[in-house]
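Examining the three-dimensional arrangement
Here are the chains, one letter per residue:
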Amino acid sequence: MSVIFECRKLTKQFGTVTALNNVDLTLETGRIVGLLGPNGSGKTTLLKLANGLLKPTSGEILINGIKPGPVTKSFVSYLPDANYLMDWMKVSTLVEFFRDFYRDFDAQRAFDLLADLGVPADAPLKTLSKGNKEKVQLILAMSRRAYVYFLDEPIGGVDPAARDYILGTILRNYSENALVLISTHLIADVERVLDEAVLLNSGMVMDHRPVDDIRETHGMSVDEYFREVFRCSVNY
């Protein structure tokens, strides 16, 4: 394993609001990491900074030693927490669009995953349910053979029956040389696939360690530990 993601004194302010405060964080390849925290803790802000959608107020963020930008987009796959695809396009057209746009995109993998999840490839996106739209977005993100995957609430809108399959899809489709960083509030659903957990609160890292260490040290699941740590958080 080697370091592929670094935050060094990373700070992001929106006016008088500090979304991230002096964050130091190092993540390695070959790991699936949960980015956990209550609403407003800075999870989405961190992922947007990592994808170059926001600029730090101070400090820096590096992916494979490079600041987020055009170069990192070639090996980083990002699933945002909002719909961003064009509703008028057919699902199959979106697959072809991604194949043309990203050299590392595996169109056959995308079509296979669509079939497995029962999403019709010939349907316009606007005709799909919210859950199926989210499945399409996740499939497109996971069909790239990237070095880093940033997934913001990847199972938040899908039905419980599909969550296990989607998590299994994440496990099967990432390389042992890749990093997967999952931001989620559905901790009980995802913790079985996690190697590490990063707990954010008020823009600061409260804890970062392997999930096995959390279980052994505290005698509880990651979800139980999270609830204990944030039991006084109004937003949780």
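Residues numbered from 1 in each chain as written. Predicted model: local features only at pLDDT ≥ 70, side-chain atom pairs only at ≥ 80, totals over all residues. Heavy atoms only, no water.

Counting 50 residues, the largest nonpolar core has Val-136, Leu-140 and Leu-151 as the members making the most contacts within it. Take this core: its biggest share by element is six residues, from helix 5 (residues 130–142). Beyond its immediate sequence surroundings of up to four residues, Val-136 is in contact with Leu-85, Val-91, Leu-94, Leu-114, Val-119, Leu-125 and Leu-128. Core analysis: the second largest hydrophobic core is formed by 25 residues, Leu-20, Val-23, Leu-46 and Leu-47 among them. (Core = buried A, V, L, I, M, F, W, Y, C linked by side-chain atoms within 4.5 Å. Buried < 20%, exposed > 50% of the residue type's maximum accessible area, 1.4 Å probe, protein only. Helix = DSSP H or I, 4+ residues; strand = E, 2+ residues; numbered from the N terminus. Contact = heavy atoms within 4.5 Å.)

Checked against the element boundaries, Thr-72 lands in helix 2 (residues 70–73). Apart from residues lying up to four places away in sequence, Thr-72 is in contact with Ile-63, Ile-66 and Lys-67.

What follows is about the pairing of strand 7 (residues 179–183). Within strand 7, five of the five residues are buried, which leaves the element mostly enclosed by the surrounding structure. Pairing analysis gives five bridges linking strand 3 (residues 31–36) to strand 7, with the strands arranged parallel. Looking at strand 7, one finds that Arg-31 is bridged to Leu-179. With five bridges connecting them, strand 6 (residues 148–152) and strand 7 associate as parallel partners. When the bridges of strand 7 are listed, Leu-151 appears paired with Ile-182. (Pairing = 2+ DSSP bridges.)

Here strand 1 (residues 3–14) runs beside strand 2 (residues 17–28); their pairing, made up of eight bridges, is antiparallel. Residue pairing for strand 2: Val-3 is matched across the bridge by Glu-28. Connecting strand 1 to the antiparallel partner strand 2 that follows it, the hairpin turn spans two residues, and Gly-15 within it adopts a positive phi of roughly 65°. Where strand 1 and strand 4 (residues 58–63) come together, five bridges link them in antiparallel fashion.

Let's shift gears to the sheet that holds strand 5 (residues 76–79). Picture the strands of a sheet paired through backbone hydrogen bonds; they go either parallel or antiparallel. Strand order in the open sheet formed by six strands is 5-6-7-3-8-9, and the pairing between neighbours is mixed. Two strands bound the open sheet, and with one partner strand each, they are strand 5 and strand 9 (204–210). For this sheet, the mean angle separating the axes of adjacent strands, direction not counted, is 15°. The strands touched by helix 1 (residues 43–50) are strand 3, strand 5, strand 6, strand 7 and strand 8 (196–201); relative to strand 6, the strand with the most contacts, the crossing angle is about 145°. (Axes fitted to C-alpha atoms, helices over the stretch in contact; angles between N-to-C directions.)

The next subject is the pattern of salt bridges. For the coordinates displayed, the defined rule picks out 14 salt bridges. A salt bridge links Glu-6 to Arg-8; the nearest nitrogen and oxygen atoms lie 3.2 Å apart. Given a relative accessible area of 19%, Glu-6 falls into the buried group. With its nearest N and O atoms 3.1 Å apart, the salt bridge here joins Arg-209 to Asp-213. Residue class for Arg-209 comes out buried when judged on its relative accessible area of 14%. Residue classification places Asp-213 among the partly exposed positions, given a relative accessible area of 30%. Taken together, the shared-partner salt bridges in this structure form one network comprising Glu-6, Arg-8 and Glu-60. (Salt bridge = Lys/Arg side-chain N within 4 Å of Asp/Glu carboxyl O.)

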